[in-house]
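Examining the three-dimensional arrangement
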Number of protein chains: 2
Amino acid sequence: MTKYLVFGHKNPDTDTIASALTFAYFLNQEGHEAEAVALGEITGEPAFALDKFGFDYPRVIETAANEVVHVALVDHNEPQQSVDDLDQVQVDYVIDHHRISGFNTSQPLFYRAEPIGCTASILYKLFKEYGHEIPQNYAGIMLSAIISDTLLFKSPTTTDQDKAIGQELAKIAQVDLEAYGLEFLKAGADLSKQTDEDIVEGDAKTFILKDQHVRIGQVNIIGFDEILSRKQGLLAVMEAKRQELDLDLYLMVLTDVLESTSLGLAIGRDLSLVEEAFDTKIEDQVLELAGVVSRKKQVVPPLTAVYNR
Amino acid sequence: MTKYLVFGHKNPDTDTIASALTFAYFLNQEGHEAEAVALGEITGEPAFALDKFGFDYPRVIETAANEVVHVALVDHNEPQQSVDDLDQVQVDYVIDHHRISGFNTSQPLFYRAEPIGCTASILYKLFKEYGHEIPQNYAGIMLSAIISDTLLFKSPTTTDQDKAIGQELAKIAQVDLEAYGLEFLKAGADLSKQTDEDIVEGDAKTFILKDQHVRIGQVNIIGFDEILSRKQGLLAVMEAKRQELDLDLYLMVLTDVLESTSLGLAIGRDLSLVEEAFDTKIEDQVLELAGVVSRKKQVVPPLTAVYNR
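Quantities reported herein were computed from a predicted structural model and do not represent experimental measurements.

Here is what the cut-offs are and how they apply
- Residues numbered from 1 in each chain as written.
- Chains lettered and ligands numbered in written order.
- Predicted model: local features only at pLDDT ≥ 70, side-chain atom pairs only at ≥ 80, totals over all residues.
- Heavy atoms only, no water.
- Least-squares fit on C-alpha atoms with pLDDT ≥ 70 in both.
- Contact = heavy atoms within 4.5 Å.
- Axes fitted to C-alpha atoms, helices over the stretch in contact; angles between N-to-C directions.
- Helix = DSSP H or I, 4+ residues; strand = E, 2+ residues; numbered from the N terminus.
- Left-handed = near helix turned anticlockwise from the far one by under 90°.
- Nonpolar A, V, L, I, M, F, W, Y, C, P; charged D, E, K, R; others polar.
- Pairing = 2+ DSSP bridges.
- Phe/Tyr/Trp six-rings, centres within 6.5 Å; stacked < 30°, edge-to-face > 60°.
- Buried < 20%, exposed > 50% of the residue type's maximum accessible area, 1.4 Å probe, protein only.
- UniProt positions renumbered as here; feature names shortened; annotations may be inferred.
- Polar contact = N/O pair within 3.5 Å; in protein donor to acceptor, adjacent residues only side chain to side chain.
- Patch = residues over 30% accessible without salt bridge, like charges linked within 9 Å, V, L, I, M, F, W, Y side chains within 5 Å.
- Areas by Shrake-Rupley, 256 points an atom, 1.4 Å probe, with all protein chains shown as cover.
- Salt bridge = Lys/Arg side-chain N within 4 Å of Asp/Glu carboxyl O.
- Parallel < 35°, antiparallel > 145°, perpendicular 65-115°, else oblique.

1. Here's the deal with the relation of the copies chain A and chain B
Its rotation angle being 180 degrees, the transformation that places chain A on chain B also includes 0.0 Å of axial translation and leaves an RMSD of 0.0 Å. When the rotation and shift are considered jointly, the pair of chain copies conforms to a two-fold rotation axis. It is A:Arg112 whose C-alpha, among those of chain A, lies nearest the rotation axis, at 2.5 Å. Interface overlap between copies is the fraction of interface residues in one copy that are interface residues in the other; for chain A against chain B it reaches 100%, indicating a shared surface.

Structure, rendered in structure tokens:
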């Protein structure tokens, strides 16, 4: 029996929280002693999912080596998205659906990544392989993760596997997929209780593209009016963060989950590169990102391409 | 349908060749067009396995981007062990059982690693998951890979999974596991037709430990008399290679597969570190590596530990 902390990335979203809880449950079924923790406060969409399915919120940690020797990562592998002392612990498991970047180990490990919509979909397959039942409440948060990451199967990251697994999980969770999906996305898109800082930093990740430090945030909304009325406040948070982290670019992606399109807010040293990447014009820090809903598939690759030229 | 080249590491051993052939077969079953290739001449043990089970030898390549856009790696991930132009192709699949080091992608991918004895064991599980039958001849080379990597289940890298999968594959291949295992290991340990260069470089890999370039070769033998009679020739090859590649250390592990123990031959800038790593004395370039059979579990980790101090 090995003691594990299980966690997803900083600025936890629904997939990161759901997958940490679910993989900790899996490891416990396998005879280990695993605890899911979070690398940041849980608010908004993931908080709604945890409340809905009756989970306590995982506690928040910044470092792991002060507690354990062994850890399991879900929904991320890049060290800058992880605990601050990742190099001080042994990573025995990674379950992820992102590119691999900057991740190194000194020992062989269990690494399971697939290019599909959601980490929770990979976990569903693991439960099947190992013959573990998925309890009703875990099915509920796994389903929430899939709805969140695929925007109810509308994101281009969605695969047939995510759709089929979503259907199966909805049955186990005993919820109506379409009705719960819309309720959940709308709840996640309700920004009335969130500060400008929550909105900007809530799901932001830093990427190192060539030698440029690029931070990309994303927020799900319904309609652009409310969010644009808060534009100056959001830009002020972005600019403060840009200076604090010495970023080359801060790009905020505002995604209308019902219309499946986005606007961007951009602040940075050379915004002409952003205009080139998305073949658009930036006016008053705002750019159109028509049809863009996926940071991973539609935002990071075009930026990577222009920075790597 | 995507066109793939599938390959293992340079200086191909049985697991690398067997896994490349088997995973190419798997990808073809999945509707792709995949060809297994090798990153070096196939001689000795893997050649015996291919002959035994009636396979043509995969052709040898040095670069991939001149032929394909997409590749699949088996039995390795470290770029210096791979094609020279790995950064020019897109890695869509990795099936491996080593640590992850220096491996980066710009896109999400399918990555399956487990800390078990052999890549072929992981492939066996993949065939089960995806419902593909393993043909008799493929079962034969997969079994050979497991026997090779685990030294017929005696290496400390062996897991219960490797043992159970070995039994299953022996049934499909219709061979007696113990009898074939000994025949195969003895054939691989027959050095009479191999040059000193073949023996030294046949399974050598370069590792970057801290900032030191360390090359570690391994050869399977039966009894030490024959190999020690060739010591001066082997050391001459090692010294030439050390100068050519500007290595800090060249360590050759001579492993008696029936007695499960090794001697080492060492040439390098500071051999006192090697003495420390294995708590032994080096006399005339020879050191005792009592009970050592696994480069991955028993040679690399102690060297890593002293270099990282």
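2. A short note on the packing of helix α4 (residues 136–150) of chain B against helix α5 (residues 160–173) of chain B
Residues and elements named next belong to chain B. Look at α4 against α5: their axes get within 8 Å of each other, and the N-to-C directions meet at 145 degrees. Here α4 runs over α5; the crossing is left-handed. Residue-level inspection shows Gln-136, Ala-139, Gly-140, Met-142, Leu-143, Ile-146 and Thr-150 of α4 in contact with α5, the latter providing Asp-162, Ile-165, Gly-166, Leu-169, Ala-170, Ile-172 and Ala-173. Broken down by class, the residue content of the contact of α4 with α5 amounts to nine nonpolar, four polar and one charged.

3. Concerning the sheet that holds strand β9 (residues 261–268) of chain B
Residues and elements named next belong to chain B. As summarised here, the arrangement of the five strands in space is β6-β7-β8-β9-β10, forming an open sheet in which the pairing is mixed. Two strands bound the open sheet, and with one partner strand each, they are β6 (205–209) and β10 (286–289). For this sheet, the mean inter-axis angle between neighbouring strands, taken without regard to orientation, is 25 degrees. Across four bridges, β9 lies against β10 in antiparallel orientation. Across the sheet, Leu-265 pairs through a bridge with Val-286, a residue of β10. Sitting on the sheet, helix α9 (residues 231–245) touches β7 (212–221), β8 (249–256), β9 and β10, and the angle it makes with β9 is about 50 degrees.

4. Examining the packing of aromatic side chains
Using the criterion set out here, one finds 27 aromatic pairs over all chains in the structure. Between B:Phe53 and B:Tyr180, the ring centres sit 5.6 Å apart and the planes meet at 80 degrees, which makes this aromatic pair edge-to-face. Here B:Phe53, found in the loop between α2 (44–52) and β3 (70–74), pairs with B:Tyr180, found in helix α6 (residues 177–188); they are 127 residues apart in sequence, far enough to count as distant. The two residues B:Phe53 and B:Tyr180 agree in class, both being buried. Three or more aromatic residues joined by ring pairs make a cluster, and in this case those are A:Tyr4, A:Phe23, A:Tyr25, A:Phe26, A:Phe55, A:Tyr93, A:Phe110, A:Phe127, A:Tyr130 and A:Tyr138.

5. Topic: the UniProt feature "domain: DHHA2" (unreviewed entry) in chain A
According to UniProt, the feature "domain: DHHA2" (unreviewed entry) maps to residues 181–307 of chain A in the numbering used here. For residues 181–307 of chain A, helix accounts for 42% and strand for 28%, while the C-alpha atoms at its two ends are 36 Å apart.

6. Re unusual backbone geometry
Negative phi characterises most residues that are not glycine, and trans characterises most peptide bonds. All names here are of chain B. Not every positive phi belongs to a glycine, and Asp-75 is a case in point at roughly 60 degrees. If you trace the backbone, Asp-75 turns up in the loop between β3 and β4 (90–96). For Asp-284, which is not glycine, the phi dihedral falls at a positive 50 degrees. Within the secondary structure, Asp-284 sits in the loop between α10 (272–278) and β10.

7. Re the environment of B:Gln212
Residues and elements named next belong to chain B. Among the secondary structure elements, Gln-212 is positioned in strand β7. Classification of Gln-212 as partly exposed rests on a relative accessible area of 22%. Along the chain, Gln-212 and Ala-240 lie 28 residues apart, while their C-alpha atoms are 18 Å from each other. With near-sequence residues (within four places) excluded, Gln-212 lies in contact with Phe-207, Asp-248 and Tyr-307. Polar side-chain contacts of Gln-212 include one of 3.3 Å to the side chain of Asp-211.

8. Details of the pairing of strand β3 (residues 70–74) of chain A
All names here are of chain A. Most of β3 is tucked away, with four of its five residues classed as buried. Pairing between strand β1 (residues 3–7) and β3: four bridges, direction parallel. Bridge assignment links Leu-5 to a residue of β3, and that residue is Val-71. Of the pairings in the sheet, the one linking β3 to strand β4 (residues 90–96) comprises five bridges and is parallel in character. Counterpart to Val-71 in the pairing with β4 is Val-91.

9. A closer look at a nonpolar patch on the surface
Side chains of A:Leu182, A:Ile222 and A:Leu258 sit close together on the surface and give an oily, nonpolar patch of about 200 Å² of accessible area. The topology assignment puts A:Leu182 in helix α6 (residues 177–188).

10. So, the packing of helix α1 (residues 14–29) of chain A against helix α2 (residues 44–52) of chain A
Residue and element names in this part refer to chain A. Packing of α1 against α2 brings their axes to within 8 Å, and their N-to-C directions diverge by 40 degrees. Put simply, α1 runs oblique to α2. Every residue of α2 that contacts α1 at Thr-14, Ile-17 and Leu-21 is listed here: Glu-45, Pro-46, Ala-49 and Leu-50.

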